[in-house]
Amino acid sequence: ILVDTTTLQLYLIQHERPALRYGIGVGKDGFVWKGETVVNHKARWPKWTPPPEMIKRTPSLERWKDGQPGGPKNPLGARAIYLYKDGHDTGFRIHGTPEWRSIGTNASAGCFRMIQQDVIDLHARVTPGAKVIVR
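Predicted model, so just to flag it, every value in this text is computed and none were measured.

A. Examining the overall build of the protein more closely. Within the protein, the secondary structure is distributed over 2 helices and 10 strands. Traced from its N-terminal end to its C-terminal end, the protein shows the element sequence β-β-β-β-β-α-β-β-β-β-α-β. In summary, the protein has a C-alpha radius of gyration of 14 Å against a globular reference of 14 Å for 135 residues, a match within 12%. With respect to the three principal axes, the spread of C-alpha positions in the protein is 50 × 35 × 30 Å. Each of the 135 residues in the protein was classed as buried or not, and the buried ones make up 43%. A sequence separation of at least 24 residues applies to 61% of the contacts in the protein between residues at least 6 apart. When the accessible surface of the protein is summed, it comes to about 7700 Å², and 53% of that surface belongs to carbon and sulfur atoms.

Structural data, given as structure tokens:
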């Protein structure tokens, strides 16, 4: 997977076939990052737990400190792909979003957002261990 934070596109590089391109939303100012990670695991209708620093910035999220169950209004959307580096959770995800208008913008806290049907497609195609390059 190649994530281009400048063009707001995510590419799934396929063996001997054209790459698939998806539009994404990326981190807002101060939350953009670059580097290499791997897909550790994937989830369908994942539970979302805001990290403590996010709760500190937005106290109303305290109600989800133990996690918001998966579902159509969950910020992780229909699917999530968990990114790890050196065996450790980066805290960043490639995930769906109910906020489809945020695709093509810098609006997240560092994760890569996709419209629901695109993340469902990517989730079905990618396997744990896949390399992810963010540039």
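After that view of the structure, there is still more to cover.
B. Just the nonpolar core, in detail. Ranked by internal contacts, the top residues of the largest apolar core, which has 21 residues, are Ile 1, Leu 10, Ile 94, Phe 112 and Leu 122. Leu 76, Ala 80, Tyr 82 and Tyr 84 belong to the second-largest nonpolar core, a separate cluster that totals 9 residues.

C. Region of the structure containing the pattern of salt bridges. The tally for this structure, following the rule as stated, stands at 6 salt bridges. In this structure, Glu 99 engages Arg 113 in a salt bridge whose closest nitrogen and oxygen atoms are separated by 3.2 Å. Taken as a pair, Glu 99 in the loop between strand 7 (88-96) and strand 8 (106-108) and Arg 113 in strand 9 (residues 112-114) lie far apart in primary sequence, 14 residues in all. Owing to a relative accessible area of 13%, Arg 113 belongs among the buried residues under this scheme.

D. Main features of the packing of aromatic side chains. Under the criterion given, the structure shown has 2 aromatic pairs. Both rings, one in Trp 33 and one in Phe 92, keep their centres 4.7 Å apart while their planes meet at 25 degrees; by these two values the pair is stacked. Within this pair, whereas Trp 33 is found in the loop between strand 4 (26-27) and strand 5 (35-44), its partner Phe 92 is found in strand 7, the two being separated by 59 residues in sequence. For Phe 92, a relative accessible area of 21% translates into the label partly exposed. Look at Trp 33 and Phe 112: their rings are 5.5 Å apart centre to centre, the planes differ by 45 degrees, and that puts the pair in the tilted class. Pair noted here: Trp 33 is in the loop between strand 4 and strand 5 and Phe 112 is in strand 9, with a separation of 79 residues, a long-range link. For the pair Trp 33 and Phe 112, a shared accessibility class is recorded, and that class is buried. Connected via pairs of aromatic rings, a cluster forms that spans Trp 33, Phe 92 and Phe 112.

E. View of unusual backbone geometry. Despite not being glycine, Glu 16 has its phi angle at roughly 55 degrees, a positive value. Looking at where Glu 16 falls in the secondary structure, it is placed in the loop between strand 2 (9-14) and strand 3 (17-23). The residue Asp 86 is not glycine, and still its phi comes out positive at about 50 degrees. Residue classification places Asp 86 among the exposed positions, given a relative accessible area of 69%.

F. Inspection of the environment of Arg 125 at higher detail. Position of Arg 125 relative to the elements: it lies in helix 2 (residues 116-125). In this structure Arg 125 comes out as partly exposed when scored by relative accessible area, which is 41%. Sequence spacing of Arg 125 and Gly 77 is 48 residues, and the spatial spacing of their C-alpha atoms is 17 Å.

Conventions and cut-offs
- Residues numbered from 1 in each chain as written.
- Predicted model: local features only at pLDDT ≥ 70, side-chain atom pairs only at ≥ 80, totals over all residues.
- Heavy atoms only, no water.
- Helix = DSSP H or I, 4+ residues; strand = E, 2+ residues; numbered from the N terminus.
- Rg over C-alpha atoms; globule rule 2.2 N^0.38 Å.
- Buried < 20%, exposed > 50% of the residue type's maximum accessible area, 1.4 Å probe, protein only.
- Contact = heavy atoms within 4.5 Å.
- Areas by Shrake-Rupley, 256 points an atom, 1.4 Å probe, with all protein chains shown as cover.
- Core = buried A, V, L, I, M, F, W, Y, C linked by side-chain atoms within 4.5 Å.
- Salt bridge = Lys/Arg side-chain N within 4 Å of Asp/Glu carboxyl O.
- Phe/Tyr/Trp six-rings, centres within 6.5 Å; stacked < 30°, edge-to-face > 60°.

That is the geometry; function is a separate question.
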